Amino acid sequence: MTLTVFSFAFLTVFVTCMLLCIFKGIKAGFVKTAISLASMVASFFISTLIAQKMSNIFADDIAQAVYGTNVLSDMGVNSEQVNQLILAYADALITPFLFLPLFFVVYRIIDFIVNIVYRTSLKPSSEDTEYELEGKNSSAYNHNSKLLGGIIGGVCGILTAVIITFPIMGTLDFAYIGSSFLDPESGSMYIYTPVKDDDIDKVCAYSKDVVGNVIYSMGGKPMYNFVARSKLNGVNIGIMSEIEKTTETAGHVTSLINEISKGKSRPEDQYEKVETVREEINESETLKIIICEFMSIASERWIENEPFMGMERPIKNETTDPFMDEIFLLLRTSTTETAADDMATVLHVCLILIDSDISSVNGDYASMLGAIDKNNMLYDLRIELEKNSRTKYLSDTISEIVLRTTSSAMKANVVGNYDALISNLTTELNRVKLQEYDVQGAHIAETFKSEMEAFGVPVPESVASIVADELTRRHCRYLRETTKDDVRKFFDGYTGIPEN
């Protein structure tokens, strides 16, 4: 344990406040000291209210200083929501420092008024005092009064020391937490900041000062969270609790995305962690704005296959890329109202795709067909997309993943027999035109499955069913004869070959 100049400054403040207040309490006695304590409590709340009203006068200057840095512009952040977030935090950060001088001014005024009232209206007269003390030991009474006054004076001393130091310690604590992510694996804090600056490291070190934290632990943190508040999106927020939630959730989200981008299968409890993230975002106005901005910028970078803040695009696979691009495009329009659900949806979708192993067999179309059927991928994707009203329409596009993979598998694996496969499918489509729709689909699914397997490409029933449904929907609704060119164009359209 190393004591610094910072430590001695805090120790001096604490000892001085304790000695002065205890001495004053002994001298004033129980009643006057109790009145002083009540005056301090009242002054705390009144000063907080005044400081919170005055802080917005100075908040604009602080916010403008943040806008002038390159940190946000380098990350591509430039939105009205983020501007409002910075303004709210600047407002809250300046409040404790306005509170401190206001507290002592208000306290002196209240204490002066209360003492005048006490002396003129509440203090007992000499006759009353003599009556009350009749039959009592006057000396013992005074001794007890001074003893209790000293004890309450000690409480006043602790309260004064905490009030003097909490604006500094609270701000340092805020700076430390704000420049850190919570490692979700170990639960430990590690410094993360986009600005490599020795001054920031010093601030973070000071926040762990031994003496300062002892005093801060005596009620400084709840005081800071009560005083350092502001309005954000019409909600009154305490920036300390907000920044703690933000860093913890940011650690969870980045950990999930980094693991997803590596294409590794996740344990079952990762799905529960996604739901935890959803709840955390919904409980924090700060997180709603940050996640909204994060998804907007990250999705734009990922669509261009570029990393964002060191995070690679999650799920890279040529058959699922168009589907994921649709998801990313949707994220660019997320709002604070939809941020939690949108983030949870994209994380769930990525986990479902990873659990199917479709990314690990990228390029091997026959294996990809098997991956599509693994772990109920198609069913789980559809259910997940339909939970979110903004992605519900995408559930109808899931079949495109199947059709794109199937078409590519046909081109790559049915070499030399592709024309024969197209011809057989065309014949069967024309045969079932006059039958019931369910019968059409079942027959074409069985035909497609058996034909593909005959050419050495096993096709899961769920995949064959989707291919058959789309074929019959397009080519069995009309009595016009379907040609081989019609069927060929159908599959070519999913392998990037334009239809003529």
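Residues numbered from 1 in each chain as written. Predicted model: local features only at pLDDT ≥ 70, side-chain atom pairs only at ≥ 80, totals over all residues. Heavy atoms only, no water.

Draft legend 1. Quick peek at the pattern of salt bridges. According to the stated counting rule, one finds 14 salt bridges in the structure shown. The partner of Arg278 in a salt bridge is Glu275, and the shortest N-O contact between them spans 3.0 Å. With a gap of three residues between them, Arg278 and Glu275 both fall in helix α11 (residues 269–282), about one helical turn apart. On the accessibility criterion, Glu275 (30% relative accessible area) is partly exposed. Of the charged contacts in the structure, one is a salt bridge between Asp325 and Arg313, with a shortest N-O distance of 2.9 Å. With Asp325 in helix α13 (residues 321–331) and Arg313 in the loop between α12 (285–303) and α13, this pair connects stretches of sequence that are 12 residues apart. (Salt bridge = Lys/Arg side-chain N within 4 Å of Asp/Glu carboxyl O. Helix = DSSP H or I, 4+ residues; strand = E, 2+ residues; numbered from the N terminus. Buried < 20%, exposed > 50% of the residue type's maximum accessible area, 1.4 Å probe, protein only.)

Draft legend 2. Representation of the environment of Ser334. Locating Ser334 in the fold gives a position in the loop between α13 and α14 (339–355). Judged by relative accessible area, Ser334 falls into the buried class, the value being 8%. Placed 45 residues apart in sequence, Ser334 and Ile289 show a C-alpha to C-alpha distance of 9.7 Å. Beyond its immediate sequence surroundings of up to four residues, Ser334 is in contact with Cys292, Met295, Asp342 and Arg390. A polar atom in the side chain of Ser334 sits 2.7 Å from the side chain of Asp342. (Contact = heavy atoms within 4.5 Å. Polar contact = N/O pair within 3.5 Å; in protein donor to acceptor, adjacent residues only side chain to side chain.)

Draft legend 3. Layout of empty space enclosed by the protein. In this structure the tally under the stated criterion is two cavities of 30 Å³ or more. Its boundaries defined by the atoms lining it, the largest cavity holds a volume of some 80 Å³. Every element with two or more residues in the lining of the largest cavity is listed here: α10 (239–261), α12, α13 and α14. Per-element accounting of the lining of the largest cavity gives the leading share, four residues, to α14. (1 Å grid on protein atoms, 1.4 Å probe; cavity = no way out; pocket = protein on both sides within 12 Å on 5 of 7 lines; lining within 4 Å. Points joined across faces, edges and corners; volume = space filled by probe spheres on them.)

Draft legend 4. Focus on the pairing of strand β4 (residues 235–238). In terms of strand pairing, strand β3 (residues 229–232) meets β4 through four bridges, oriented antiparallel. Residue Leu232 lies in a different strand from β4, and its bridge partner there is Val235. Taken together, β3 and the strand that follows it, β4, pair antiparallel across an intervening segment of two residues, in which Asn233 is found at a positive phi of about 55°. (Pairing = 2+ DSSP bridges.)

Draft legend 5. Spatial organisation of the nonpolar core. Judged by nonpolar contacts, the single largest core of 76 residues is most densely connected at Phe294, Met343, Phe448 and Phe491. In terms of residue count, α14 provides more of this core than any other element does, 12 residues in total. In this view, Phe448 contacts Thr406, Met410, Leu425, Val459, Ala464, Val467 and Phe491; residues no more than four positions away in its chain are not counted. Core analysis: the next-biggest nonpolar cluster, separate from the first, contains 45 residues, Cys21, Phe44, Leu85 and Phe166 among them. (Core = buried A, V, L, I, M, F, W, Y, C linked by side-chain atoms within 4.5 Å.)

Draft legend 6. Highlighting the packing of α12 against α14. Put simply, α12 and α14 touch, their axes get as near as 9 Å, and they point 50° apart. Classified by the interaxial angle, the pair formed by α12 and α14 is oblique. Crossing of α12 against α14: the hand is left-handed. Touching Lys288, Ile291, Cys292, Phe294 and Met295 of α12 are Ala339, Asp342 and Met343, all from α14. (Axes fitted to C-alpha atoms, helices over the stretch in contact; angles between N-to-C directions. Parallel < 35°, antiparallel > 145°, perpendicular 65-115°, else oblique. Left-handed = near helix turned anticlockwise from the far one by under 90°.)

Draft legend 7. Structural detail: the packing of aromatic side chains. Applying the stated criterion across every chain yields a total of 14 aromatic pairs. Here the aromatic rings of Phe99 and Phe166 are separated by 5.5 Å at their centres, their planes lie at 50°, and the arrangement is tilted. With Phe99 in helix α4 (residues 80–122) and Phe166 in helix α6 (residues 138–178), the pair connects residues that are 67 residues apart, well separated along the chain. One exposure class covers both Phe99 and Phe166, and it is buried. With a centroid separation of 5.2 Å and an interplanar angle of 80°, the aromatic rings of Phe103 and Phe104 are classed as edge-to-face. By relative accessible area, which is 1% here, Phe103 ends up buried. (Phe/Tyr/Trp six-rings, centres within 6.5 Å; stacked < 30°, edge-to-face > 60°.)

Draft legend 8. Structural context of helix α19 (residues 437–454). With 18 residues, α19 extends 26 Å from end C-alpha to end C-alpha; this agrees with the ideal 26 Å at 1.5 Å per step. Contacts from the buried residues of α19 go to α17 (398–413), α18 (418–431), α20 (461–475) and α21 (484–492). One or two positions beyond α19, positive phi appears at Gly456, with a value near 90°. (Expected span 1.5 Å × (residues − 1).)

Draft legend 9. Molecular detail of the environment of Glu386. Along the chain, Glu386 falls in helix α16 (residues 377–387). Judged by its relative accessible area of 37%, Glu386 is partly exposed. Between the alpha carbons of Glu386 and Asp396 there is a distance of 9.7 Å; along the sequence they are 10 residues apart. Setting aside residues no more than four positions away along its own chain, Glu386 makes contact with Lys392 and Ser395.

Draft legend 10. Representation of the confidence of the model for the protein in the model. When pLDDT is averaged along the protein, the result is 78, and 79% of the positions lie at 70 or above. Highest mean pLDDT in the protein belongs to helix α9 (residues 220–227) (91); lowest belongs to strand β2 (residues 189–191) (42). Below a pLDDT of 50 lies the segment residues 126–136, which in the model reaches three contacts outside its immediate sequence neighbourhood of four places, other chains included. (pLDDT = per-residue confidence, 0-100.)

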